[in-house]
Structures are given as C-alpha cells and as structure tokens.
Amino acid sequence: MKKLSKFLVAALLGLSMAACGSSSAPAEEPAAEAEAPAAEATAEAAPAEAEAASDLKIAYIVSHLGDKSFADSGERGMEQLRKEGYDAKTFEIGDDASKYEDQILDTIDQGYNLIYASSTYFDQCHALAEEYPDVKFVIFDDNKAPEELLDNEAVIFYAQNEGSYLVGMMAAAMSKSGSVAVNYGMPNPVIFDFVTGYVNGVKDWNEANGTNVKVIAAQVGSWSDPATMKDLCLGQARDNKTDVFYQVAGGSGDGLFEACVETGTWAIGVDSDQYQAYKDSENPEKADVILTSMLKEVGNSLVSMTHSIDNGEDVWKKTTTLGLAQDSVGYVDNEFFQANVPAEVRDAMAKAAEEVKSGSKDVKSYFDFASEDEFNAYLEEVK
Amino acid sequence: MSIDIVAFIADAIKMSTPLVFAALAALMTRQAGMFNMGVEGMILCSALGAVTGAHYLGNVWAGVACGILTGLLTGFVIAFAHLSGKTDLYLTCIAFNLAATGGTVFIMYLLTGEKSTTSGAFRSYQIPNINIPIIKDIPILGRIISGQSLLTYVAVFCVWFVWFLLKRTRVGLRIRSVGENPKAAESVGISVKKIGYIAFLFCGLFAGLSGTFLSMSWVTFFMKNMVNGRGYIGLSAQNMANGNPVGSALVSLLFGATSSLSLTLKSQSNFPTEFLEMIPYLATIIAIVFTSLYSIHRKRKIEQGIK
C-alpha cells in the first residue's frame, strides 16, 4: 500500500512537471511576439499587404523547432510570412499527445484563426474543426479523401514518392555492389511513401539499364536513436555490401552519415539540404558522403497556401498535392553532386523529373496500394 | 545475403558496453541498499557533458574526463537529495530523469542554439579503437577481441574491479553490510550516509563512462534522448543477476547480442519489424523466468537438506 501511494505521488509529480514544461512552451516565444510589432511596421510600409494580412492570424503548431529539417522548414515559411506582414506565430507544444488538443485550443482562444499543423495533429484538429467552424485548419503532410474532411479543413500532401524516385534512380546508378538501403525512423504512411518512391526508382533504373540492384528497407524504431541507426547501417554494409544509404529517420539519420563516413559509402539526405548543413558546421568532413538530399519544401508550401487562402481560392475540404511540378519536392543539385555523380545519371534524373512533371511518367505511391500486403510484396520484388 | 557471425559477435560486444557500465552503476548503489532508477538520466547528462568538454577543451581525453565528472556530479545530486535531504529515492530518481530529459536539451540550446543534436555545432571527437598487437592476427578471436573501443576494454576491467572492490576490500564489505542491514552496520560504527555517498560516487563514475561511450565512441555527437532506455536495461540486467558483477555483465551481453540480432534480422529477413523489436525484451522475460525457477529449485533443495 505504501509503495502504491509512493508511485501515485510520483506519477502526479511527473505529470505536474510535464504540465509546467509544456505550458511554458508558448511563453518561450518572446522572440515571435517581439517580431509581431516589427512585422506590423513592415506591413505599414507596404499597405497593400497589410490589408491582405488584416484578417488572418496564423498559428503554426509544431512539437519542437530545431530539427534542421521538417519543422524548421515550416518555420522558414513562417518567417517569410512575417516578412510579408502576416501575423504568424509558432507554438512549440511538445511531445505529450494528451495535451495536443488543449494547446491547439489555447491558440484558438488567443484569436488565431488559421491553424497550420502537420499530420501528427490531424485527429485533434479534426475534433476542433467541428467545434469551431470559423477557424480554418490546414493539415500538411497528410492525404485525406474529401469525405473525411470538413468545410474548414484543407490538407496539403507532398509527393515525397516523386522526389524519392529520383534519388532512388541515383542510388541504383551509384551502387557498385548492387545493394542500396533506405532506413527509416518509425512506420507511417508518409514514410512508406518515401520508401515506395525510392524502390520504384531503383526498379526503373534496373529495367532501363539491365542491372539487378537490391533494396533493403529497415526500421530504426525511433526518431532519436542515432546509435542504433549507425549499427543498422554498419551491419548492412558488412552483410549485404550495401554502399548507398537513404535516410528517412529524422534525428536518427545523423547515425547513418557517421556509418557512411566510417565505411566509405554514399549517403542521401532528406527534407532539407543536409550536405550544406554539415558543410557549414563544425564537422565539414561529414558532408563529403552526402551525394544529394531529397527536398521537401514545407515552408514554401505554407507560404503559397496562405496566399491562396488570401486570394479566396477554394482549397477547402480537399487534399492539395504538391510534387515535382510545383517545386515542392526535388533533389539538391550542387557542386558535390555534379562532381561525384556521372553526367549520364544526372541527365537521366533530370529527364525523369521532366517526365513526372509533364505527367507522362507515373511514380508509384504508397497510397496506391490496396493493402499492406501489396506494399510488402512490392518491396519483396527487389529484396 | 550472408550473415558474418564473427562480426556479429564483435558487434554484440560493442552494443553491450554501455549496458555493462549502466549495470555496474546500478549495481553499486544496489549493493548499498539503494535502487537507483536515476541511472538513465545520469547517463544522458554524461553523454552531453562528454561532447561539451571535448568541444570546448579540444581534446578527446578532456571529453572523457568531463563525461565522468558529469556522472559524478549527477550522482552527487541524487545522493545529496536522498542521503542528506532524506528524500524518497524513487521520487528523486523519477524527478531527476524527467529533469535530465528536458535539462539536457535546455543546456544544449543555451550552448549551441540547437534543440535536437550537437552533430553540427560541436566538433566530433572519437575515442580510439584499439588494435591489440599479436591477438589481432589470430583468425576468428582476433576480430572479436581486437579492434574494440578503448572503453569496451575499460568495461571488462571495471567488471573485475567491481567484483574485487565488493568481495576483497574493506570498503566493499562495508557497502555490502550497509545494503544487507543498515541498522546493524550503524551499530558497529559504520556511517551509512558516508557509505551511501561512496556507492553513489562509483555509480556516477560508471554512468559517466556509459554516457561517454554513447556520445564519443558509438556515435560522436549528443542527441536529445539518445540513451533510449539503455539505463533501465542496465538496471534490470543487474537485477536479474542479483547484484553480481560478472552475472550483470553476462546479462548485459545477452541484451546486446539480442539487440544486435534483431538489428541484423531487420535487414536480412522478412520477419515483421515489430516482432524483431520484441526479441531483446522477450529474451529478458524468458531469462528472468529461468533464473527465478533455478533459484526456487535451489532453495527447495536446501530446505529438503535441512529436513
């Protein structure tokens, strides 16, 4: 009994600490608040935009900034919007799912009427959208059918399969051993869409060039376990002689780059230009394994979405797909890429990109599969 | 596809190293009668302390020293709260672990402006791997024993050291007697508080080495939450071995081997990933059942002997 009460107290203490932690999160944003008057000032300088911005108050919901990829890309979009005179504020609401809804509700109470949140927060936003029909919700990085959505909800979907397709082609072309890998953090439909596109790219390269490159797709089990990721890659390099690695694993991906440095293999980054990020860092030598990065321009998409909403375009109750054609996904074409990837491979990638843009080539998507089994069978073909 | 068994074993030893240190850390306080759940947080703090020290002082060994120092410091914080402040140890450890999760990110943010990892902001330093002369040329054994991280050899030494300390020295005897019966120990003039601090000192040392291994040998940067439960695994490893240092190391090795197995199978087999991620824990449950059945069996034999 005594022990039980001890644990109850412990649990309460834990909860209260967590509560303190998260309620202070929005308060941590004095910078954003301080920027608001500044933003107004620039808005006055440009009266046309000030008018446009007058009725939209934008809240960007994110667990934490500082991931150097997905969340930060969205934040760059917010910065752009602030520059244009919009009232846009970022809310870091932490990782406790039980508090998401309350915290998003908080932002609505503060008068924010356009909520940007990633697919992680779909359920909470959906519940609130029903309750607050005047508030608009834009969920990005998700894929929903119109009948699943309300009139004040819009969904942005990134065709990560298209970008992954191109880097998949490159991986197959660059592999000398005939084995490439895609290692991901946790399983979810968006991540599987990356994997599907990558596998499709390798397959098409095999078909076009008569090669037989195999793909390993493996899961780390966490977004922040670089140690496990590193060992996973070292094992693949050892047992399968894998020599091109594609990371779709958030923070765990840093472990993949270290494994590539250690084994002298190639890496492909994700979401933002990870070659540049490392080149500008304290460890520039780690950049020299990253051939290219698959880009996902979250920030740009939020800016263009805001403009569409302001112009009164009908984006509601449907999913807007942004892919290669909208420049929302792509790959980094820098000097390192040009120096290390042969010209014919680069040309093939550019040509495939054009074909996807014009619609003459259709890249396989995870959302095309009728069932999980079909997806697994697809992976099996090149395993 | 072919699994390189020798490399697999070498890998398992590497993966076990932080667990062995974690187990030894928990073992030291357990021997003094304190169940220290704070090991997890102590390792996390030490991992950050190590890379911070290495970056600012520009030296691998300074990093190792800072990692150990952070371990000692965090050990002292828990010890002070529990032994001098008379707080409940469970509550202190839970609070400490929660504080460490947020606190490490906060300190990293203060130092670097990053909230996720120091991989860009801090220069990476790696503790060297050691190639042992002669042994490295022995066909199979050489690849397993030689070429490991320096800290892995330190871990092996520490297992022996802890055994020696507990069984062969006066301090060890006192630690064990305080753990067995603090009142009796006090009645013969042993200061329970002082012994508690000494136990936490060793605990901090090993936790520090565990964190240093994670952030300066396995990978070469700090990332939020990078310990991922390895402290708790070490804690349960020494629990399964009943506080025996060699047994704890062997159980840690079992964890390391099963984790390595599940990783290898992820790339090599078609088993569902969810099942593979279960392997280390499934192996633990099975091992616990067997060890407890064995001890029941032994007890019964002793009782029968008495009759």
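Think of each chain on its own: its residues are numbered from 1, step by step along the sequence as written. Here chains are named by letter from A upward and ligands by number from 1 upward, in the order in which they appear as written. Per-residue local features of the predicted model are confined to residues with pLDDT of at least 70, and side-chain atom pairs are confined, for both listing and counting, to 80 or more; whole-chain, interface and lining totals are unaffected and use all residues. The basis for every side-chain value is the complete set of non-hydrogen atoms in the structure, without hydrogens or water.

### Here's the deal with the interface of chain A and chain B
One widely used convention gives an interface's size as the accessible area the parts lose upon coming together. To keep things clear, this is the line we draw: In this analysis, two residues are considered to be in contact whenever any of their non-hydrogen atoms come within 4.5 Å of each other. Accessible surface is computed with a 1.4 Å probe, and the buried area is the amount of it that two parts give up when combined, taken over both parts together. A carboxyl oxygen of Asp or Glu within 4 Å of a side-chain nitrogen of Lys or Arg is what we treat as a salt bridge. Counted as a polar contact is a pair of N or O atoms within 3.5 Å, where, for protein atoms, one must be capable of donating a hydrogen and the other of accepting one, and residues adjacent in sequence contribute only when both atoms are in side chains. Runs of H or I in DSSP of at least four residues are treated as helices and runs of E of at least two as strands, each being numbered from the N terminus. Gly counts as polar in this scheme, as do all residues outside two lists: the nonpolar Ala, Val, Leu, Ile, Met, Phe, Trp, Tyr, Cys and Pro, and the charged Asp, Glu, Lys and Arg.
Contacts between chain A and chain B engage 48 residues on the former and 47 residues on the latter. Summing both partners gives a buried area of about 3700 Å² for chain A against chain B, and 49% of it is carried by carbon and sulfur. Looking only at chain A, the three residues that lose the most surface to chain B are Asp 231, Arg 238 and Asp 239 of chain A, adding up to 16% of its buried area. Along the contact surface separating chain A from chain B lie five salt bridges. For Lys 115 of chain B, the salt bridge is made with Glu 92 of chain A, and the minimal N-O distance between the two is 2.9 Å. Counting the contacts that link chain A with chain B gives 25 residue pairs in polar contact (both at pLDDT 80 or more). Within the residue set of the side of chain A that touches chain B, elements represented by two or more residues are α1 (2–27), β7 (214–219), α9 (226–239) and α10 (253–263) of chain A. Looking at which element gives the most residues to the side of chain A that touches chain B, the answer is α9 of chain A, with ten residues. Along the lines of polarity and charge, the residues of the side of chain A that touches chain B split into 15 nonpolar, 15 polar and 18 charged.

### So, the packing of helix α5 (residues 100–109) of chain A against helix α6 (residues 122–131) of chain A
The relative placement of two packed helices comes down to the angle between their axes together with the axis-to-axis distance. Residues and elements named next belong to chain A. Heads up, the rule is: Lines fitted to the C-alpha atoms define the axes, with helices restricted to the stretch that makes contact. Angles between their N-to-C directions range from 0 to 180 degrees. With respect to orientation, any angle under 35 degrees is reported as roughly parallel, any angle over 145 as roughly antiparallel, any angle of 65 to 115 as roughly perpendicular, and every other angle as oblique. Note: crossing handedness is left-handed where the near helix turns anticlockwise from the far helix by less than a right angle, and right-handed where it turns clockwise.
Closest axis-to-axis distance for the α5/α6 pair is 9 Å, and the angle between their directions is 45°. One finds that α5 runs oblique with respect to α6. The way α5 lies across α6 gives a crossing that is right-handed. Of α6, the residues touching α5 (which contributes Tyr 100, Glu 101, Ile 104, Leu 105 and Ile 108) are Gln 124, Cys 125, Ala 127 and Leu 128. For the contact of α5 with α6, the per-class residue count stands at seven nonpolar, one polar and one charged.

### Considering the pairing of strand β6 (residues 179–184) of chain A
All names here are of chain A. Put simply, the test is: Burial classes follow relative accessibility: with a 1.4 Å probe on protein chains only, a residue under 20% of its type's maximum area counts as buried, one over 50% as exposed, and anything between as partly exposed. Strands are treated as partners if at least two bridges between them are detected by DSSP.
Across the six residues that make up β6, a large majority, six, are buried. Neither face of β6 is open: one carries Ser 179, Ala 181 and Asn 183, the other Val 180, Val 182 and Tyr 184, and all of them are buried. Both β6 and strand β8 (residues 244–248) contribute to a ladder of five bridges, which runs parallel. Looking at β8, one finds that Ala 181 is bridged to Phe 245.

### Brief notes about the sheet that holds strand β1 (residues 57–62) of chain A
Residues and elements named next belong to chain A. The parallel open sheet is built from six strands, whose spatial order is β2-β1-β3-β4-β5-β11. With one partner strand each, in any of the chains shown, β2 (87–92) and β11 (319–322) form the two edges of the open sheet. Going from strand to strand, the sheet's axes swing by 20° on average, the running direction of each strand aside. Bridge count for strand β4 (residues 136–140) against strand β5 (residues 153–158) is four bridges, and the pairing is parallel. Within β5, the residue paired with Ile 139 across the bridge is Val 155. Packing against the sheet, helix α4 (residues 70–83) makes contact with β1, β2, β3 (114–118) and β4, and its axis sits at approximately 165° to β1. Seen against the sheet, α6 touches β3, β4 and β5 and runs at an angle of roughly 165° to β4.

### Regarding the sheet that holds β8 of chain A
Residue and element names in this part refer to chain A. In space, the six strands of this open sheet follow the order β7-β6-β8-β9-β10-β12, with mixed pairing throughout. Every interior strand has two partners, whereas the edge strands, β7 and β12 (329–331), have only one. Averaged over all adjacent pairs, the angle separating strand axes in this sheet is 15°, with direction ignored. Running at roughly 165° to strand β10 (residues 290–296), helix α7 (residues 160–174) makes contact with β6, β8, β9 (266–271), β10 and β12 of the sheet. Each of β6, β7 and β8 touches α9; the most contacted strand, β6, lies at about 165° to it.

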